[in-house]
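Overview (structure and organization)
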Amino acid sequence: MAQTAVSSGVTPVVKKGGRAKFLIGGLLIVAAIVYLIATSTQSTAQYFLTIQELKDRGSSLVSQDVRVSGAVVAESIQYDAQKLELRFTVASVPADQKEIDAQGGLAAVLNAAVNDPNAARMDVIYNGVKPDLMKGEAQAIMDGHVDENGLFHADTLLMKCPTRYEGAVPSQAAP
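Residues numbered from 1 in each chain as written. Predicted model: local features only at pLDDT ≥ 70, side-chain atom pairs only at ≥ 80, totals over all residues. Heavy atoms only, no water.

1. Quick word on the overall build of the protein
Cut-off, in case you're wondering: Put simply, DSSP H or I for four residues or longer makes a helix, DSSP E for two residues or longer makes a strand, and each gets a number counted from the N terminus. Think of it in three bands: residues with accessible area under 20% of the maximum for their type are buried, residues over 50% are exposed, and the middle band is partly exposed, with areas taken using a 1.4 Å probe on protein chains only. With residues, only the protein chains shown are counted as cover, and all accessible areas are computed by Shrake-Rupley using a 1.4 Å probe.
Check the secondary structure of the protein and you find five helices and seven strands. Listing each helix as α and each strand as β along the protein from the N terminus yields α-β-α-β-β-β-α-α-β-β-β-α. Among the 175 residues that make up the protein, the fraction classed as buried is 30%. Carbon and sulfur atoms provide 56% of the accessible area of the protein, an area that totals close to 12100 Å².

2. What to know about the pattern of salt bridges
This is how it is decided: Any carboxyl oxygen of Asp or Glu within 4 Å of a side-chain nitrogen of Lys or Arg constitutes a salt bridge here.
One pass over the full model with this rule turns up two salt bridges. Of the charged contacts, one joins Arg67 and Asp143 as a salt bridge, the two residues approaching to 2.6 Å between their closest N and O atoms. Of this pair, Arg67 sits in strand β2 (residues 66–72) while Asp143 sits in strand β6 (residues 139–146), placing them 76 residues apart in sequence. In this structure, Glu85 engages Arg87 in a salt bridge whose closest nitrogen and oxygen atoms are separated by 3.1 Å. Using a relative accessible area of 34% as the deciding quantity, one classes Arg87 as partly exposed.

3. Concerning the nonpolar core
Looking at soluble globular proteins, one finds that nonpolar side chains tend to be buried together. Heads up, the rule is: Residue types Ala, Val, Leu, Ile, Met, Phe, Trp, Tyr and Cys, when buried and joined through side-chain atoms within 4.5 Å, form a set referred to as a nonpolar core.
Ranked by internal contacts, the top residues of the largest apolar core, which has 25 residues, are Phe88, Val90, Met142, Phe152 and Leu157. Taken together, the elements giving at least two residues each to this core come down to α2 (51–56), β2, β4 (85–92), β5 (121–127), β6 and β7 (152–160). Here this core takes four residues from β7, the largest share from any one element.

4. Some points on the pairing of strand β1 (residues 47–50)
Basically, it comes down to this: Two strands are counted as paired when DSSP detects at least two bridges linking them. Handedness of a crossover is defined as follows: orient the strands so they point away from the viewer, and if the path from the first strand over the helix to the second runs clockwise, the crossover is right-handed.
Bridging between β1 and β2 involves four bridges; their strand directions are parallel. Following the sheet pairing, Leu49 is matched in β2 by Val68. Each parallel crossover has a hand, and the one from β1 via α2 to β2 is right-handed.

5. Overview of helix α4 (residues 106–115)
Rules: Starting at the helix axis, one direction is taken to each C-beta atom, and the arc is that of these directions.
When we look at burial in α4, the residues that qualify are Leu106, Ala107, Val109, Leu110, Ala113 and Val114. Here the buried residues of α4 occupy an arc of 165 degrees about the axis, which is enough to place them on one side.

See below:
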């Protein structure tokens, strides 16, 4: 004969503190996520400055990672292929896009910056292969730090040549 269990009318006992464990565990996970976001943001955060802004801050940014943009002065480009050492000078260009547009576009701003003897300038050293777009009046975007002597040590170097892209605007985008 098979016997069946009959319900005795006893309700199951729920352990107290079950919700508290999930709440504490959830808070620990959220705290860990916030900590990881905060530490990764601080380690990758950089100032993006123009050369004039970098010079205005003086020694307060020495040895700090910054991103700088400027116009390459053609006569200053020196490349040593044996050492993979590139030295050049950049002139300050405005960072505000409205100001760039008001002056006739990026190509005109870069040309004016290079030919303006009063524009703030900064010497740059970069160790690596010379970019193909490295030429006068090209825009250089550099990550690195400035030393006590005002020399900028670029860790990364990106080149942007406006004359190379201005004619490539699709006709449907033009007004």
